[in-house]
Amino acid sequence: MAAAHVQSSGRQPISTCPSTAVAPPSMAGAQQAGRLKDAQLVVAVHDDAADFFRSDVKLVDVASGAIVGQLGGQSSAHTSAAAGLICLVPTGTSGSAVRVFNPATGGVTDIPAGPTAAQCGLNPQFSYVFAQVPATKEYKLLRIVTSKDYNNNPRHQTCDILTLGGLGQRWRPASSPLVLLSTTIPRHRAVTAGFAHFLTATRTIGYDGIASFDLEKEEWRPSLLQGPLPSESRNCSHSSLSLVELNGCLAFVHHNYLSYCIDMWVLADLGKSTWFKIQSLHLGSILRGWEEPNKGQPVPLIPITRPMKEIFAQPLMMLDDGRIAFWVAFPNSSLRLYDPKTCRCEDVVDMGKACGIVGLYKGSQVGLA
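Treat the numbers as computed from the prediction; the structure is a model and nothing was measured.

Focus on the pattern of salt bridges
(1) Moving on: For the structure on display, the rule yields ten salt bridges.
(2) Moving on: One salt bridge connects D263 with K277, and the closest N-O pair in it is separated by 3.5 Å. Highlighted residues: D263 in strand 20 (residues 261-269) and K277 in strand 21 (residues 274-282), separated in sequence by 14 residues.
(3) Moving on: Given the relative accessible area of 26%, K277 is considered partly exposed.

In structure tokens, the structure reads:
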């Protein structure tokens, strides 16, 4: 795997780079006033505390925190969003169709379930990526099936793909990835410019290796993309890394807990593995519990009980005014805006526990015209 080229650019802005007649779910509140047409929205999934297998899908305005649409009570184990559509993968691994929902029209398309768990080897795990191909505007669903051994360790991965509305909506086999991929953690994958990118799950080649699937050609790139981590950091904890689609660019994020910072790079050249470092933020400027102690204050006689440290912040988008939206998932899920000019972060909305982000939209994409 070729070494990555990493360049520092300082804090520069990132450039923006037929439904079936089944009972459709209703996106309550999706028809809003024209003021939301250009709103930046995140698609959040909130698990039902009373029923682990059901969840609510919510559209949240990044600037205000207002919930502008909601799709309630969905029986979905995996939810993803792309270019105005929401893909709902049902609970379980066989027998149920995948559903694609259009919030703007209320239309629903059912996709056949494909191979059952019994056909996919021992203890299979299914992972899905839903995306739109920029060149053709087609929507495609990539599925990766991970077979495991008797110790529940990943052993082999196979892939198949489906084009929404094409070829009778049949699953087609695709080539297997070059190495085992990390598919259980959503933040270890991202889709940008027609490629689905995945962090590798093999420590021997470094956790910052990235496998890229060309959604138009329906094939894996012949070589891995080297991440931007310096060599001394490549054996860091896998959970401290993430891939993000940030304003149309592939971003690589490393939570460096030893240095108390969040480092962020964007990919400048896929073929040359060239990255630009765009931010290095102090953990305490985004996450609660990481603030540096005031050395001028005397040590209290009675130790102060501090709240539990927040451990992860996922960047979502850069707004037109330069602020960066972050999603903090633990211990409570919240949406925050970080201002690089003041190095301060403000809470926009607290979404409670068991909530995650699955996509980003413009208001006009979901009928908020």
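Topic: the sheet that holds strand 23 (residues 324-328)
(1) Moving on: Overall, antiparallel pairing links the four strands, which are arranged 22-23-24-25 in an open sheet. A single partner strand is all that each edge strand has here, and the edge strands are strand 22 (313-318) and strand 25 (344-352). The mean angle between the axes of side-by-side strands here comes to 25°, regardless of whether they run parallel or antiparallel.
(2) Moving on: Here strand 23 runs beside strand 24 (residues 333-339); their pairing, made up of five bridges, is antiparallel. Residue pairing for strand 24: I324 is matched across the bridge by Y338.

Remarks on unusual backbone geometry
(1) Moving on: Even without being a glycine, E218 presents a positive backbone phi close to 60°.
(2) Moving on: Along the polypeptide, E218 turns up in the loop between strand 15 (209-214) and strand 16 (219-220).

With respect to the confidence of the model for the protein
(1) Moving on: This prediction gives the protein a mean pLDDT of 76; 71% of its residues lie at or above 70.
(2) Moving on: With pLDDT under 50 throughout, residues 8-24 is counted as low confidence; its partners more than four residues away or in other chains account for 39 contacts.
(3) Moving on: Confidence drops under pLDDT 50 across residues 30-36; counting only partners more than four residues distant or on other chains, this segment forms 20 contacts.

Quick word on the environment of P103
(1) Moving on: Inspection of the secondary structure assignment puts P103 in the loop between strand 7 (98-101) and strand 8 (108-111).
(2) Moving on: You can call P103 buried: its relative accessible area is 4%.
(3) Moving on: Residues P103 and G84, spaced 19 residues apart in sequence, show a C-alpha to C-alpha distance of 7.3 Å.

Considering the packing of aromatic side chains
(1) Moving on: Under the criterion given, the structure shown has five aromatic pairs.
(2) Moving on: Between F252 and W265, the ring centres sit 6.0 Å apart and the planes meet at 70°, which makes this aromatic pair edge-to-face. You can see F252 sitting in strand 19 (residues 249-256) and its partner W265 sitting in strand 20, a full 13 residues away along the chain. With respect to class, F252 is no different from W265; both count as buried.
(3) Moving on: Ring centres of F252 and W275 lie 6.0 Å apart, and the angle between their planes is 75°; this geometry places the pair in the edge-to-face category. Taken as a pair, F252 in strand 19 and W275 in strand 21 lie far apart in primary sequence, 23 residues in all.
(4) Moving on: Accessibility expressed as a relative area gives 0% for W275, which makes it buried.
(5) Moving on: A network of ring pairs unites the aromatic residues F198, F213 and W220 as a single cluster.
(6) Moving on: When the ring centre of W171 is taken as reference, the NZ or CZ atom of R143 above it lies at 3.7 Å.
(7) Moving on: Positioned over the ring face of F312 is R187, at 4.0 Å from the centre of the ring.

What counts, and where the lines are drawn
Residues numbered from 1 in each chain as written. Predicted model: local features only at pLDDT ≥ 70, side-chain atom pairs only at ≥ 80, totals over all residues. Heavy atoms only, no water. Salt bridge = Lys/Arg side-chain N within 4 Å of Asp/Glu carboxyl O. Helix = DSSP H or I, 4+ residues; strand = E, 2+ residues; numbered from the N terminus. Buried < 20%, exposed > 50% of the residue type's maximum accessible area, 1.4 Å probe, protein only. Pairing = 2+ DSSP bridges. Axes fitted to C-alpha atoms, helices over the stretch in contact; angles between N-to-C directions. pLDDT = per-residue confidence, 0-100. Contact = heavy atoms within 4.5 Å. Phe/Tyr/Trp six-rings, centres within 6.5 Å; stacked < 30°, edge-to-face > 60°. Lys NZ or Arg CZ within 6 Å of the ring centre and 35° of its normal.

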